[in-house]
Amino acid sequence: MSKKPKHSVPAAPAAPSSRASKLWFALPALLVILIAALVAVGWQREDVALRQADPTPPEMVPIPGGTFWMGRDDGPDDERPVHEVTVAPFQMDVTEVTVGQFAAFVKATGYVTVAERKPDLQKYPNADPLKLEPFSAVFVPMDVPLHRPRGEPPPWWRYVPGANWRHPEGPKTDLKGKKNYPAVHICWEDADAYAKWAGKRLPTEAEWEWAARGGLDRKRYCWGDQPNGDGGVWRANAFQGRFPAEDSGADGFAGLAPVKSYPPNGYGLYDMSGNAWEWCSDWYDPKYYVHSPKDNPKGPDDGTRGVEDEPQPQKVRRGGSFLCADEYCYRYIPAARDKNPPDSSANHTGFRCVK
Ligand SMILES: [Ca+2]
């Protein structure tokens, strides 16, 4: 049993150690507040993308079946020879799949795009695993010579960690007010997943070109033979000015434009020229036109007859983008072909579906 002290002891002023102990008590509360704030900021940032969700299914138009001349003879080798192709009727989305439509898919399924996933180390054997973060390619304007030694990648493409469909120009950017812009940073695999969810599919390359021509026969552009901007009329979102240094935006937009910003083609399809590249279902074969079947060609069985210096099989992309400058990438025309690996994404690549 403890003894009581003989004399009462005056209360001592709070010692520094007691103040410190109060702080220790407050610390967990401060931590909780801090974590809650971080979560809220993170949630808000994520939510900007999902808040754009537009549950209205994309509008589609019927594309009649028919026979047309596919390709062109005054372009690169892979667009030759011009050959007759017959395509069965189908329906096509009138616009590129928008941010709102893609957000509705992500909201419904929880789908995570390839650009949001940690990259597969096997694909990047020379990378530091600790530094291997999810990334996507973002165009960065710069004043550099257009033409470079063979095999040297264009320096204006940067692999930006945190760039994806939610953050098109990088982690600090978002989709506020961009519901009607095309969803970009979409890999072929992402586009295919969306199409399956929507009960649709990606167009074949032949369907895409037939639809892009809008009922016209062997015309250079989706609208005829007049160049874009002729007579002050802009019919597609491409690049004007000095590529890759400065996009003057003479056509109304430097960068992506909301869908339906330019007139539709003869079938009522918007942005089949420029704005964002669109994935097709076909594997890419530079010599496919030499031996492709006449009726409903679907591309080669695989991408193994792909491109020299590019070991990975490639999928076809069509339509060009806001980065198509006449002096560098004249591919916002219906005959022009392009390709990229199916797991590649960039801020100029999206898609639309058919059924
Ligand atoms: Ca433009």
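Residues numbered from 1 in each chain as written. Predicted model: local features only at pLDDT ≥ 70, side-chain atom pairs only at ≥ 80, totals over all residues.

For the rest of this paragraph, the subject is the overall build of the protein chain. Looking only at helices and strands, the protein chain has five helices and twelve strands in total. Rg of the C-alpha trace for the protein chain: 27 Å, well past the compact-globule value of 20 Å for 355 residues, more than 25% over. Considering only C-alpha atoms, the protein chain reaches an extent of 115 × 45 × 45 Å along its principal axes. Every one of the 355 residues in the protein chain was classed for burial, and the buried ones make up 38%. (Helix = DSSP H or I, 4+ residues; strand = E, 2+ residues; numbered from the N terminus. Rg over C-alpha atoms; globule rule 2.2 N^0.38 Å. Buried ≥ 20, exposed ≤ 12 C-beta atoms within 10 Å, placed from the backbone.)

Within the open sheet, the four strands sit side by side as 11-10-9-12. Their pairing is mixed. Looking at the sheet topology across the chains shown, the edges are occupied by strand 11 (337–340) and strand 12 (349–350). Pairing geometry for strand 9 (residues 277–283) and strand 12, over two bridges, is parallel. Bridging from a neighbouring strand, W277 pairs with T349 of strand 12. Lying over the sheet, helix 4 (residues 205–213) contacts strand 9 and strand 10 (315–318), oriented at roughly 140 degrees with respect to strand 9. (Pairing = 2+ DSSP bridges. Contact = placed C-beta atoms within 7 Å. Axes fitted to C-alpha atoms, helices over the stretch in contact; angles between N-to-C directions.)

The next thing to look at is the pairing of strand 5 (residues 135–139). Summarising burial for strand 5: five of the five residues are buried, a large majority. Because side chains alternate across strand 5, one face comprises the buried residues F135, A137 and F139, and the other comprises S136 and V138, equally buried. Bridging between strand 5 and strand 6 (residues 157–161) involves five bridges; their strand directions are antiparallel. When the sheet's bridge partners are listed, S136 is paired in strand 6 with V160.

Let us look at helix 4. In terms of burial, helix 4 is a largely internal element, nine of the nine residues being buried. By the burial criterion, the buried members of helix 4 are E205, A206, E207, W208, E209, W210, A211, A212 and R213. On its buried face, helix 4 sits against strand 1 (60–63), strand 2 (66–70), strand 3 (83–87), strand 4 (90–93), strand 9 and strand 10. G214 lies just past helix 4 and shows a positive phi near 55 degrees.

Formed by 69 residues in total, the largest nonpolar core has its most connected members in F102, A183, I186, A191, L202 and A211. Looking at this core, the elements with two or more residues in it are strand 3, strand 4, helix 2 (99–109), strand 5, helix 3 (188–197), helix 4 and strand 9. (Core = buried A, V, L, I, M, F, W, Y, C linked by C-beta atoms within 7 Å.)

The residue V233 is located in the loop between helix 4 and strand 7 (241–242) in this model. Along the sequence, V233 and Y262 sit 29 residues apart, while their C-alpha atoms lie 9.6 Å from each other.

With that settled, the discussion passes to the confidence of the model for the protein chain. Confidence in the prediction of the protein chain, expressed as mean pLDDT, is 91, and 90% of residues score 70 or more. Confidence drops under a pLDDT of 50 for residues 1–10, and excluding neighbours within four residues, the segment shows zero contacts in the predicted structure. (pLDDT = per-residue confidence, 0-100.)

The peptide bond linking R80 to P81 adopts the cis configuration, its omega dihedral lying at -10 degrees. Here P81 lies in the loop between strand 2 and strand 3. With an omega of 0 degrees, the peptide bond running from F243 to P244 counts as cis. Inspection of the secondary structure puts P244 in the loop between strand 7 and strand 8 (246–247). For R218, which is not glycine, the phi dihedral falls at a positive 50 degrees. Positionally, R218 belongs in the loop between helix 4 and strand 7. Residue R218 is classed as partly exposed on the basis of its 15 C-beta neighbours within 10 Å.

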